[in-house]
Amino acid sequence: MMTGARAPSGERLRAAVPPGAAPRAAGPLRAALAQAWRLGMRVDRALTRRRTLPRPVVSVGNISLGGTGKTPFVVYLARRLAAEGLRPAVLTRGYRSGGGGCDEPREIAEALPGVRVLVGRDRRRRAAAALAEPEPPGIFILDDGFQHWALHRDVDLVLIDATRPPEDDKVVPAGMLREDVRALGRAHAVVVTRADLVPAGVLSRVTGYVRASFPNLAVACAGEAVRAYTDLAGLPCARPAGPVAAACGIGNPGAFVARAAREGLSVAARAALGDHHRWRAKDAAAIEKHAAESGAGAVLTTAKDATKIDPRWTRMPWVVMAIETRILEGEAALWALIRARTGTARG
């Protein structure tokens, strides 16, 4: 993985590391590979020329391999910026964008009618094209941008999943981190997501660690709420009344199951596929078989997965639990930072 001079940058990380889990090497080899990865990331950052757009850029990213609730946070951010009249556009690479599995951009676009979602490996070029249009964006959101060295950003927001705190984790391939926790020093703010899924003591430990280690960072806490229950076609449907089988291909499937339980749903079975899994008819059939054997009357899945599941593959009801981000603590300070660093004002 580390042969050659440069480690994968942000948009190449997912191709280098299999979705859903970091490769696990043994003892000394694992430590050596992790050290090589760190060095490669530093070299990659140093050698990449950074360009500046003529509009403000807010980056939303991770130091982990994913599963932090980034997509609903991007939607939250874009909605807020749009409500303030700033004409946001989302810049995203689009994982597997060439093979019909471009799930996150589709999820973002479906949640944000009227907001441009610009997909492409060269995000600077996509932004330049949008700026040449008659009504150009007023601000850009750089999706998964913390390791995207090629674009200058005015605000670096990094998400940390409270159910998977990074302070005790390690860099790939020894753990699930893209970068060492010390990389948070480059950020302007940390948003601790899924804060409502952990005990108060755990949340206090996570936020306390960030504040003590990086006193200059703004810290906010976010939870999630169910925005709607729909079928696979996006039509509203009733909240499941009986047992369900929870099936998803996301970075943190445990958080999806925990969210369902918090919503009072009875989860009789679960199926965790790899992050960005390319769904096929056989997957739906196998999950429905498992669901029926477990006494579930429906399959519960995510909005991200629903973009890749053809309703024609299904025989039993499938319910999409669409969620949205809610800031629980630190929202005023977070937005004061964003406005100050982007030069925007409340609309």
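Scroll up a little and you will see the structure.
Conventions and cut-offs
As a convention, each chain's residues are numbered from 1 in the sequence order in which they are written. Residue-level local features of this predicted model are given only where pLDDT is at least 70; pairs of side-chain atoms are given and counted only at 80 or more, and the full residue set underlies all totals for whole chains, interfaces and linings. Excluding hydrogens and water, the side-chain values take into account all heavy atoms of the structure. Helix numbers and strand numbers start at the N terminus; a helix is a DSSP run of H or I with at least 4 residues, a strand a run of E with at least 2. For every residue, the accessible area (1.4 Å probe, protein chains only) is compared with the maximum for its type, and the residue is labelled buried under 20%, exposed over 50%, or partly exposed between those bounds. The Shrake-Rupley method, run with a 1.4 Å probe, gives the accessible areas here. Residue values count only the displayed protein chains as cover. Residues enter a nonpolar core if they are buried and are Ala, Val, Leu, Ile, Met, Phe, Trp, Tyr or Cys, with the set joined through side-chain atoms within 4.5 Å. A contact between two residues is defined here by any heavy atoms of the two lying within 4.5 Å. Each pair of aromatic rings taken from Phe, Tyr and Trp, with Trp reduced to its six-membered ring, is defined by centres within 6.5 Å and is described as stacked if the planes are under 30 degrees apart, edge-to-face if over 60, and tilted in the remaining cases. Two conditions define a charge sitting above a ring: the NZ of Lys or the CZ of Arg must be within 6 Å of the ring centre, and it must be within 35 degrees of the ring normal. Expected helix span is given by 1.5 Å per residue-to-residue step, counting one fewer step than there are residues. Directions pointing from the helix axis toward each C-beta atom define the arc. Pairing of N or O atoms within 3.5 Å defines a polar contact, subject to two protein rules: one partner must be a possible hydrogen donor and the other a possible acceptor, and residues neighboring in sequence count only if both atoms are side-chain atoms. Pairing between two strands is assigned when DSSP locates at least 2 bridges connecting them. Orientation is described by axes fitted as lines to C-alpha atoms, over the contacting stretch for helices, and by angles from 0 to 180 degrees between their N-to-C directions. The sense of a crossing depends on the near helix, which, turned anticlockwise from the far helix by less than a right angle, makes the crossing left-handed and, turned clockwise, makes it right-handed. Each residue receives one of three labels: charged for Asp, Glu, Lys and Arg, nonpolar for Ala, Val, Leu, Ile, Met, Phe, Trp, Tyr, Cys and Pro, and polar for the others, Gly being one of them. Note that the term roughly parallel is reserved for angles under 35 degrees, roughly antiparallel for angles over 145, roughly perpendicular for angles of 65 to 115, and oblique for everything else.

Turning our eyes to something else, we now look at the overall build of the protein. When its secondary structure is counted, the protein shows 10 helices and 11 strands. Within the span of the protein, comprising 347 residues, buried residues form 55% of the whole. Accessible surface, the protein: about 14,700 Å² in total, of which carbon and sulfur atoms supply 54%.

Our focus in this paragraph is the nonpolar core. In terms of nonpolar packing, the biggest core is built from 30 residues, with Val60, Phe73, Leu77, Ile141, Leu157, Leu334 and Ile338 touching the most fellow members. Secondary-structure elements contributing two or more residues to this core are β1 (57-61), α3 (70-83), α4 (103-111), β4 (139-143), β5 (155-161), β6 (189-193), β7 (218-230) and α10 (331-342). No other element matches the 7 residues that α3 contributes to this core. Leave out the neighbours within four places in its chain, and Val60 touches Lys70, Phe73, Val74, Leu77, Ile141, Leu142, Asp143, Asp144, Gly145, Leu157 and Leu159.

With that settled, the discussion passes to the packing of aromatic side chains. With the rule as written, the count across this model stands at 3 aromatic pairs. Summarising the aromatic geometry, the rings of Trp279 and Trp318 are spaced 5.9 Å apart at their centres and angled 80° between planes, so their arrangement reads as edge-to-face. Linking Trp279 in the loop between β9 (267-272) and α8 (281-293) with Trp318 in strand β11 (residues 318-329), this pair joins segments that are 39 residues apart in sequence. Accessibility expressed as a relative area gives 1% for Trp279, which makes it buried. Residue Trp318 is classed as buried on the basis of its relative accessible area of 5%. Three or more aromatic residues joined by ring pairs form one cluster here, namely Phe73, Tyr76 and Trp335. Across from the ring centre of Trp335, 4.5 Å away, lies the NZ or CZ of Arg80, which sits over that ring. Positioned above the aromatic ring of Phe146, the side-chain terminus of Arg186 is 4.2 Å from the ring centre.

The first and last C-alpha atoms of helix α6 (residues 200-213) sit 20 Å apart over 14 residues, in line with the 20 Å expected at 1.5 Å per residue. Listed in full, the buried residues belonging to α6 are Leu203, Val206, Thr207 and Val210. Summarising the axial view, the buried residues of α6 lie within an arc of 85°, below the 170-degree limit, and thus occupy one face. Seen from the buried face of α6, the exposed residues on the opposite side, beyond 90 degrees, are Gly201 and Ala212. In the core, the buried residues of α6 are packed alongside β5, β6 and β7.

The residue Thr344 is located in the segment after α10 in this model. Look at Thr344 and you get buried, because its relative accessible area is 17%. For Thr344, the side chain forms a polar contact with the side chain of Thr342, separated by 2.9 Å. Thr344 has contacts with Leu86, Ile338 and Arg339, leaving out every residue within four places of it along the chain.

This part covers the pairing of strand β10 (residues 298-302). Counting buried residues along β10, 5 of its 5 residues qualify, which places the element largely inside the surrounding structure. The alternating pattern of β10 places Ala298, Leu300 and Thr302 and Val299 and Thr301 on opposite faces, both of which are buried. Pairing of strand β8 (residues 244-248) with β10, which is carried by 3 bridges, proceeds in the parallel orientation. Across the sheet, residue Val244 finds its bridge partner in β10, namely Ala298. Bridge analysis of β10 against β11 gives 4 bridges, and the strand direction is parallel. Bridged to Val299 within β11 is Trp318.

Before going further, it helps to examine the packing of α3 against α4. Interhelical geometry of α3 versus α4 gives an angle of 35° and a closest axis separation of 10 Å. Classified by chirality, the crossing of α4 by α3 is right-handed. Counting all contacts with α3, which are made through Lys70, Thr71, Val74, Val75 and Arg79, the residues of α4 involved are Glu104, Glu107, Ile108 and Ala111. Taken together, the residues of the contact of α3 with α4 break down into 4 nonpolar, 1 polar and 4 charged.

In any sheet, the strands associate via hydrogen bonds between backbone groups, in a parallel or an antiparallel arrangement. The 11 strands are arranged β3-β2-β4-β1-β5-β6-β7-β11-β10-β8-β9 in an open sheet whose pairing can be described as mixed. For this open sheet the edge positions go to β3 (116-119) and β9, each flanked by a neighbour on one side alone. Looking at each pair of strands side by side, their axes are set apart by 25° on average, direction ignored. Bridging between β1 and β5 involves 4 bridges; their strand directions are parallel. Along β5, the bridge assignment pairs Val60 with Leu157. Packing of helix α7 (residues 253-262) onto the sheet brings it into contact with β7, β8, β9, β10 and β11, and relative to β8 it is tilted by some 150°.

Relative orientation of the contacting elements α3 and α10 amounts to 65°, with a least axis distance of 13 Å. Between α3 and α10, the interaxial angle falls into the category roughly perpendicular. The chirality of how α3 crosses α10 is right-handed. Across from Phe73, Tyr76, Leu77, Arg80 and Leu81 in α3, the residues of α10 making contact are Glu331, Leu334, Trp335, Ile338 and Arg339.

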